[in-house]
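# Tertiary structure, described
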Amino acid sequence: MEDLLFKGELKNSTLDELIKNVKKDKSTGNTAKVLEEAERCTFLIPVTIKDGNYNLNVMGSGDGKQYLCAYTDSEKTGGTDTVTTSFYDMADLMNDGRFTLDGIILNPGTDDLILGAELLIKMVEQTDDSIRVGEPNMYPPELKGKITEFCRDQESIEEVYVRFFVKKKSGDKGWLFVIKSDLSDDQKQYVYEMFRHFVEPSLEGISALILDHSLDYAGSAIKGCDPYYTKVSEC
């Protein structure tokens, strides 16, 4: 079980800056920016291992409320045991009958930003994660060059697949990138986030979703497709 503990380095620099803005000005606009960025991020939640099982660490408040602790940066965990999770996995726990949680507290001890359970549940209810994936009619003109440039500096990347997706419920659209590499699990989070930031300027304002080739969903999304970039082509 201990093999599942996070042992690498995690940073969400953009989210951390947005959290600082909220701490200074708790306006609706600043909060919305935090939530939008959080949807794309990976978090660390502290755990305690007992009898071979993981127990989530929560923080109690003076008024009896319980908050799930989550960190945006591995340096802020204080060395405690953690596992990785997504924003929506945490939000789902707010409506899970096994737990009694009043929200999430981000970076306890430093930022102490609380996201209430009611808000999180509403976000989950309004979001349909199911998407349709297909071949785009055309690719952004600068995309191939940006991917090639990035992958030349990251020789561990073997293939990059590019698809276009549409969320069934909201109609939101985005680019889906599936990356095949020989990176370790600890390296993937960092390199893939670098990839997203590097190619986003060429996407004409449309969001990007990055998946590792090993994921079941990624395999289904690119089934029957040729890679948009291959390492062999650059040899």
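The present account deals with the structure reproduced in this document.

Thresholds applied
Residues numbered from 1 in each chain as written. Predicted model: local features only at pLDDT ≥ 70, side-chain atom pairs only at ≥ 80, totals over all residues. Heavy atoms only, no water. Helix = DSSP H or I, 4+ residues; strand = E, 2+ residues; numbered from the N terminus. Rg over C-alpha atoms; globule rule 2.2 N^0.38 Å. Buried < 20%, exposed > 50% of the residue type's maximum accessible area, 1.4 Å probe, protein only. Contact = heavy atoms within 4.5 Å. Lys, Arg positive; Asp, Glu negative; His and termini not counted. Charge placed at Lys NZ, Arg CZ, Asp CG, Glu CD. Pairing = 2+ DSSP bridges. Phe/Tyr/Trp six-rings, centres within 6.5 Å; stacked < 30°, edge-to-face > 60°. Salt bridge = Lys/Arg side-chain N within 4 Å of Asp/Glu carboxyl O. Axes fitted to C-alpha atoms, helices over the stretch in contact; angles between N-to-C directions. Parallel < 35°, antiparallel > 145°, perpendicular 65-115°, else oblique. Left-handed = near helix turned anticlockwise from the far one by under 90°. Nonpolar A, V, L, I, M, F, W, Y, C, P; charged D, E, K, R; others polar.

## A word on the overall build of the protein
A count of helices and strands for the protein gives seven helices and twelve strands. The C-alpha radius of gyration of the protein comes to 19 Å, within 12% of the 18 Å expected for a compact globule of 235 residues. Put simply, the protein has 235 residues, and 42% of those count as buried. Within the protein, contacts between residues at least 6 apart in sequence are counted, and of these 69% link residues at least 24 apart. Taking the 27 positively charged and 42 negatively charged side chains of the protein as two groups, their mean positions are separated by 4 Å.

## Some details on the pairing of strand β9 (residues 157-167)
Extensive coverage of β9 is indicated by the burial of nine of its eleven residues. Alignment of β9 against strand β10 (residues 173-181), held across nine bridges, turns out to be antiparallel. Paired with V166 across the bridge in β10 is K173. Here two bridges tie β9 to strand β12 (residues 229-230), and the two strands are oriented antiparallel to one another. Along β12, the bridge assignment pairs E159 with T230.

## Side note on unusual backbone geometry
The backbone of N107 shows a phi angle near 55°, a positive value even though the residue is not glycine. Structurally, N107 is set in the loop between β6 (103-106) and β7 (113-116). The buried category is assigned to N107, whose relative accessible area is 0%. Even without being glycine, D112 reaches a positive phi, approximately 50°.

## Side note on the packing of aromatic side chains
Taken as a whole, this structure holds eight aromatic pairs when the rule is applied. Note on F150 and F195: the rings are 5.4 Å apart at their centroids and 80° apart in plane angle, and the pair reads as edge-to-face. Note that F150 is positioned in helix α5 (residues 143-153) and F195 in helix α6 (residues 185-199), a separation of 45 residues in sequence. You'll find F150 and F195 in the same group, each marked buried. With 5.4 Å between their ring centres and 75° between their planes, F177 and F195 make a pair best called edge-to-face. Taken together, the residues F177 in strand β10 and F195 in helix α6 connect sequence positions 18 residues apart. On the basis of relative accessibility, which here comes to 0%, the residue F177 falls in the buried class. Three or more aromatic residues joined by ring pairs make a cluster, and in this case those are Y139, F164, W175 and Y228.

## Describing the pattern of salt bridges
For the coordinates displayed, the defined rule picks out twelve salt bridges. The residue E193 makes a salt bridge to R196 at a minimum N-O spacing of 2.5 Å. Here the residue E193 and the residue R196 both occupy positions in helix α6, the gap between them amounting to three residues, near one helical turn. The closest approach of N and O atoms between R196 and E200, which form a salt bridge, is 2.9 Å.

## Quick notes on the packing of helix α1 (residues 13-24) against helix α2 (residues 28-38)
Packed helices, taken two at a time, are described by their axes: the angle between them and the distance between them. Look at α1 against α2: their axes get within 9 Å of each other, and the N-to-C directions meet at 160°. On the basis of the axis angle, α1 is roughly antiparallel to α2. Remark: the crossing between α1 and α2 carries left-handed chirality. Only N30, T31, K33, V34, E37 and A38 of α2 make contact with α1, whose side of the interface consists of T14, L15, L18, I19, N21 and V22. The class makeup of the residues in the contact of α1 with α2 is six nonpolar, four polar and two charged.

Note that every value here comes from positions in space, so none of it alone points to a role or purpose.
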